[in-house]
Amino acid sequence: MDRDPGSTRTRRSPLLGGFLVLTAALSVVSIVAMVRSLVAMTYLNIHFHSEVDPFSRAVSYYVFYGDGREVFATAAIVLAGGTVTMLVGLRVAGLRLGARAGAFFGVWCTSLTLCAIFPTDNSKSITSVSGLIHQVAGASLFVSLPLAGIALAKRLVADLRWTHVGRVVRRMAVVAMAMAAAYLATRLPDIFPGLAMPGILDGRGVSGLVQRALFGLEMLMLMALAVHLLRVTVSTARGRGQPARAEATG
């Protein structure tokens, strides 16, 4: 028995429309979460600038002042949630992350959550299990996201809709990798107290600034993906709506 093409299109369009609405919703939620996290981090930097030197101390130390612990933990968990939401949106939109990108994004989200749950030690050295977990998770998250970006970019550039943003993400990820290495270099004297470091190479005075710049770049990379996901979804919806309107008027 032959099927009526019109009836097939009628059955399929609600499903396709539902996926578009879901993708759009996921992208908007992820953007809102990332902006929320960025605002929280900005608040910490401004409100506690006297207590925590933004040039030489890490953002983790905000947890020891005022409402810093609650704000920091919320910002980290919200950012992890926003990342997961964006990744789900990418998958619904038809993009496959791949095993490597998925694993690195998993490390990123897990590390953010661990940093939120386990505060660092209020000293230059690690003195507790919580501090150890925080330091390991912190090092992991700064490296994992650039690696995730590089792995994902290889898939994005193969899709015409994502080619440009794929190249942008790849450039950001490469710069972030370099900044992560620079941040690690500034922390070497604290990680290895016995290491003889010439004064001109001692970067502890700018370690906090490097960390904040790196974190900001990584957030921009995530937002570039989330914003483009929304743009692609809106563009697809408009493209599918035009033939339907033309058929209706015809």
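Residues numbered from 1 in each chain as written. Predicted model: local features only at pLDDT ≥ 70, side-chain atom pairs only at ≥ 80, totals over all residues. Heavy atoms only, no water.

### Digging into the nonpolar core
Here comes step 1: If you look at the biggest cluster of nonpolar residues, it comprises 60 residues, and the most contacted ones within it are Leu90, Trp108 and Trp162.
Here comes step 2: Mapped onto this core, the elements with two or more residues apiece are helix 1 (5-47), helix 2 (68-92), helix 3 (99-117), helix 4 (129-156), helix 5 (163-191) and helix 6 (207-249).
Here comes step 3: It is helix 6 that provides the largest number of residues to this core, a total of 13 residues.
Here comes step 4: Residue contacts for Leu90: discarding those within four places in its chain leaves Leu95, Leu97, Leu152, Trp162 and Leu229. (Core = buried A, V, L, I, M, F, W, Y, C linked by side-chain atoms within 4.5 Å. Buried < 20%, exposed > 50% of the residue type's maximum accessible area, 1.4 Å probe, protein only. Helix = DSSP H or I, 4+ residues; strand = E, 2+ residues; numbered from the N terminus. Contact = heavy atoms within 4.5 Å.)

### Some details on helix 3
Spacing of three or four residues puts side chains on the same side of an α-helix, whose turn is 3.6 residues.
Here comes step 1: Taking 1.5 Å of rise per residue, the 19 residues of helix 3 would be expected to cover 27 Å, and the 27 Å separating its terminal C-alpha atoms lies within 8% of that figure.
Here comes step 2: Turning to helix 3, its buried residues number three or more, namely Ala101, Phe105, Trp108, Cys109, Ser111, Leu112, Cys115 and Ala116. Down the axis of helix 3, the smallest arc covering the buried residues is 160°, so these residues share one side. Along helix 3, the residues that are exposed and aim more than 90 degrees away from the buried face are Ala99 and Arg100. (Expected span 1.5 Å × (residues − 1). Arc of directions from axis to C-beta.)

### Some words on the pattern of salt bridges
Here comes step 1: Counting across every chain of the model gives one salt bridge.
Here comes step 2: Salt-bridge contacts for Arg161 lead to Asp159; the nearest nitrogen and oxygen are separated by 3.1 Å. (Salt bridge = Lys/Arg side-chain N within 4 Å of Asp/Glu carboxyl O.)

### Let's talk about the confidence of the model for the chain
Here comes step 1: For the chain, per-residue confidence averages 87 on the pLDDT scale, and residues scoring 70 or more make up 83% of the total.
Here comes step 2: The weakest mean pLDDT in the chain belongs to helix 1 at 78; the strongest belongs to helix 3 at 98. (pLDDT = per-residue confidence, 0-100.)

### Some words on the packing of aromatic side chains
Here comes step 1: Throughout the structure, instances matching the rule amount to five aromatic pairs.
Here comes step 2: The interplanar angle of 80° and the centroid separation of 6.4 Å between the aromatic rings of Tyr43 and Phe48 together place this pair among those described as edge-to-face.
Here comes step 3: Among the residues examined, Tyr43 registers a relative accessible area of 31% and is labelled partly exposed.
Here comes step 4: Look at Phe48 and you get buried, because its relative accessible area is 5%.
Here comes step 5: Measuring from centroid to centroid gives 5.8 Å for Phe142 and Tyr183, while their planes differ by 70°, and the two rings are edge-to-face. With Phe142 in helix 4 and Tyr183 in helix 5, this residue pair connects regions lying 41 residues apart in the sequence.
Here comes step 6: Looking at Phe142, the relative accessible area reads 9%, which means it is buried.
Here comes step 7: Owing to a relative accessible area of 10%, Tyr183 belongs among the buried residues under this scheme.
Here comes step 8: Among the aromatic side chains, those forming a connected cluster through ring pairs are Tyr43, Phe48 and Tyr62. (Phe/Tyr/Trp six-rings, centres within 6.5 Å; stacked < 30°, edge-to-face > 60°.)

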